[in-house]
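Each chain, written out:
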Amino acid sequence: MTPSLFALSLLLQAAQVQSPVLSFPEAGLDDTAAYQGYQTRFYRDSKGNALQIYFDRHSGRVVHVWADAADESAGFTVRDPSGRPAPLDWAGEGAQTGDSATSRSVAHQIVVHALRVQVGWFVLGSMRVERDFVYAGRQAKPFTTPPFYVAEESLLVASVARLPEGERQKHLDLLQATTVAALAARLQPSLSSLRTDSMWTVRIRRPSLDGRNRLEVELSGDPRQTAMRVAGRVVWLRALTDSMVRVTVRVTTDAAPLSPLGRDRIFDRAFLDWVAGVKSDSAGDTRPRR
């Protein structure tokens, strides 16, 4: 068994299906109009760290925000063939969490109500990177637009390239890169694809600039239900059996987890007792929860 298959088998052995801890907006509790097309779910990974997944239906953006030591974020945009945001939806409540000796993963499923869709603008980094990407309006640009770069990272690579040879190599060693070209390759995520008789997979990977951590998004599906092809930085998907494209999305990281605080370390006993009383008295009534 190859190392990658061995790691995958460990993840599958440790996989657990979890329901969302929180979900917004919630019918009967939240004002759906106030969310302006956003829909959010929070899950806990295998180490108890929160993973927020949100849809922005106005732009077709799907973003995963990981509350771990690296403050990670992984997002992509789903569009129909004409370039308009594709109609997204969750495929079920649960998410599958996995764990190995070196990484954590969370997988969930989405459905796109369209015969053909294109997936692009893969942005992997921190939540600040996703924020700057959206603030710059890049999520609305065509997929053929030049790639999005983090300015500070690009400037650092350019500075290393200008150093004298001996000094340059010292900096490359600190960044765990063999050459300036290898360092520059970390500025953008890489795409690779694999097909078998039972599954197609597209992996989008990006290491941190210092090479110490790796973040990955994996899109997968059943080739009997959905056809896949990769064209440059864009993944094209086509429904084969009905009018919906079904995709499993898995995010994986080897960044360090944080140690979560329990409720008893955040709230005092009087408050926790009051919450327990509200839950037992409400019996499905949302008014006490408000």
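Below is a short write-up of the structure. (Residues numbered from 1 in each chain as written. Predicted model: local features only at pLDDT ≥ 70, side-chain atom pairs only at ≥ 80, totals over all residues. Heavy atoms only, no water.)

### Brief notes about the side chain of His-64
Point 1. Within the secondary structure, His-64 is located in strand E5 (residues 61–66).
Point 2. A polar side-chain atom of His-64 sits 2.9 Å from a polar atom in the side chain of His-108.
Point 3. With near-sequence residues (within four places) excluded, His-64 lies in contact with Leu-51, Gln-52, Ile-53, Glu-72, Ser-73, Ala-74, Phe-76, His-108, Val-249 and Val-251. (Helix = DSSP H or I, 4+ residues; strand = E, 2+ residues; numbered from the N terminus. Polar contact = N/O pair within 3.5 Å; in protein donor to acceptor, adjacent residues only side chain to side chain. Contact = heavy atoms within 4.5 Å.)

### Examining the pattern of salt bridges
Point 1. For the structure on display, the rule yields 17 salt bridges.
Point 2. Residues Arg-203 and Glu-216 are paired through a salt bridge, measuring 3.8 Å at the closest nitrogen-oxygen approach. Taken as a pair, Arg-203 in strand E12 (residues 200–207) and Glu-216 in strand E13 (residues 214–221) lie far apart in primary sequence, 13 residues in all.
Point 3. A relative accessible area of 23% means that Arg-203 is categorised as partly exposed.
Point 4. A relative accessible area of 16% places Glu-216 in the buried class.
Point 5. Linking Asp-273 and Arg-269 is a salt bridge whose minimum nitrogen-to-oxygen distance equals 3.3 Å. Taken together, the residues Asp-273 and Arg-269, both in helix H7 (residues 269–282) and 4 residues apart, mark about one turn of the helix. (Salt bridge = Lys/Arg side-chain N within 4 Å of Asp/Glu carboxyl O. Buried < 20%, exposed > 50% of the residue type's maximum accessible area, 1.4 Å probe, protein only.)

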